[in-house]
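As a plain string of letters, each chain reads:
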Amino acid sequence: MNYFVALLCSMLLTVVTFVSNGAPAMAEAIASPAPDNAQVYIISPENGSTVSSPFTIQFGLSGMGVAPAGIDRPATGHHHLLVDLETLPELDQALSATEQIKHFGGGQTEATLELPPGKHTLQLVLGNYAHVPHTPPVLSEPINITVK
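Residues numbered from 1 in each chain as written. Predicted model: local features only at pLDDT ≥ 70, side-chain atom pairs only at ≥ 80, totals over all residues. Heavy atoms only, no water.

K.L.:
Can you walk me through the overall build of the chain in this structure?
P.N.:
Per the secondary structure count, the chain includes two helices and nine strands. N-terminal to C-terminal, the α/β element order of the chain is α-α-β-β-β-β-β-β-β-β-β. Classification of the 148 residues of the chain by burial places 38% in the buried group. The long-range fraction of contacts in the chain, counting pairs at least 24 apart against all pairs at least 6 apart in sequence, stands at 65%. As displayed, the chain has an accessible area near 8200 Å², and 56% of this comes from carbon and sulfur atoms. (Helix = DSSP H or I, 4+ residues; strand = E, 2+ residues; numbered from the N terminus. Buried < 20%, exposed > 50% of the residue type's maximum accessible area, 1.4 Å probe, protein only. Contact = heavy atoms within 4.5 Å. Areas by Shrake-Rupley, 256 points an atom, 1.4 Å probe, with all protein chains shown as cover.)

K.L.:
In this structure, what is going on with the nonpolar core? I would like to understand it.
P.N.:
Within soluble globular proteins, side chains that are nonpolar generally end up buried alongside one another. Core analysis: the biggest nonpolar cluster contains 23 residues, and Phe 55, Ile 57, Leu 81, Leu 122 and Ile 145 have the highest contact counts within it. Those elements that place two or more of their residues in this core are β1 (39-44), β3 (55-62), β5 (76-83), β7 (110-113), β8 (118-127) and β9 (143-147). (Core = buried A, V, L, I, M, F, W, Y, C linked by side-chain atoms within 4.5 Å.)

K.L.:
Could you clarify how one ought to interpret the environment of Ala 34 in this entry?
P.N.:
Locating Ala 34 in the fold gives a position in the loop between α2 (23-29) and β1. When neighbours within four sequence positions are excluded, Ala 34 is seen to be in contact with Met 64, His 134, Thr 135, Pro 136 and Val 138.

K.L.:
Would you explain the environment of Glu 114 in this entry?
P.N.:
Residue position: Glu 114 is located in the loop between β7 and β8. If we skip the residues at most four places from it in the chain, Glu 114 touches Ser 53 and Pro 54.

K.L.:
Teacher, can you tell me more about the pattern of salt bridges here?
P.N.:
A pair can form between side chains of opposite charge whenever their charged atoms are brought close. Within the structure shown, the criterion is met by one salt bridge. Put simply, Glu 99 and Lys 102 hold a salt bridge, and the shortest N to O gap is 3.8 Å. (Salt bridge = Lys/Arg side-chain N within 4 Å of Asp/Glu carboxyl O.)

K.L.:
Before we go on, may I ask you to explain the confidence of the model for the chain in this structure?
P.N.:
Per-residue pLDDT for the chain has a mean of 86; in total, 80% of the residues score no lower than 70. A low-confidence stretch, residues 1-29 stays under pLDDT 50, and its non-local contacts, those more than four residues away or across chains, total 16 contacts. (pLDDT = per-residue confidence, 0-100.)

K.L.:
Even after reading the chapter, I still don't get the pairing of β8, so can you show me in this structure?
P.N.:
On any regular strand, side chains alternate: one points to one face of the sheet, the next to the other face. Here β8 lies mainly inside the structure; seven of its 10 residues are buried. With six bridges connecting them, β5 and β8 associate as antiparallel partners. Its bridge partner lying in β8, His 79 is registered against Leu 126. Bridge analysis of β8 against β9 gives five bridges, and the strand direction is antiparallel. Note on β9: the bridge partner recorded for Leu 122 is Ile 143. (Pairing = 2+ DSSP bridges.)

K.L.:
What should I look at first to understand unusual backbone geometry in this one?
P.N.:
Most peptide bonds adopt trans geometry, and most residues besides glycine take a negative phi value. A cis geometry characterises the amide bond from Ser 44 onward to Pro 45, with omega recorded as 5°. Topologically, Pro 45 is positioned in the loop between β1 and β2 (50-51). Of note, the bond from Ser 53 into Pro 54 is cis; its omega dihedral lies within 30 degrees of zero at 0°. Here the phi dihedral of Ala 75 falls at roughly 60°; this positive angle occurs in a residue that is not glycine.

Okay, here's the thing in structure tokens:
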């Protein structure tokens, strides 16, 4: 029950901030600081790997903890996987859930992906309780894989 109360309060604060100050202020109001030593990375598959679809991707994180979306705890966040993005999304706003931006708001540290054959680029970005990247953004190096 406490989880739902916290989530509802968080959503209400976001709406009130948006209505009173507009969208840019909303992102600022829900931005979370990241420790200087925070790093997110892809454990597996390795850069340059050839995989068969579906495959398992494992997420790594150091200097911070993992918490589900909706849970506002200092120095925590949850993973978002960027798939084949040519340019990064706006890193001062909530990340939209799309085919190219996959959310792992349950606090998952691995997932099974199904991608079409060919070359793909994968990159992680950590988002706070409201899916907003931290300040500064905690972003992995992109990796390239080939799906056979």
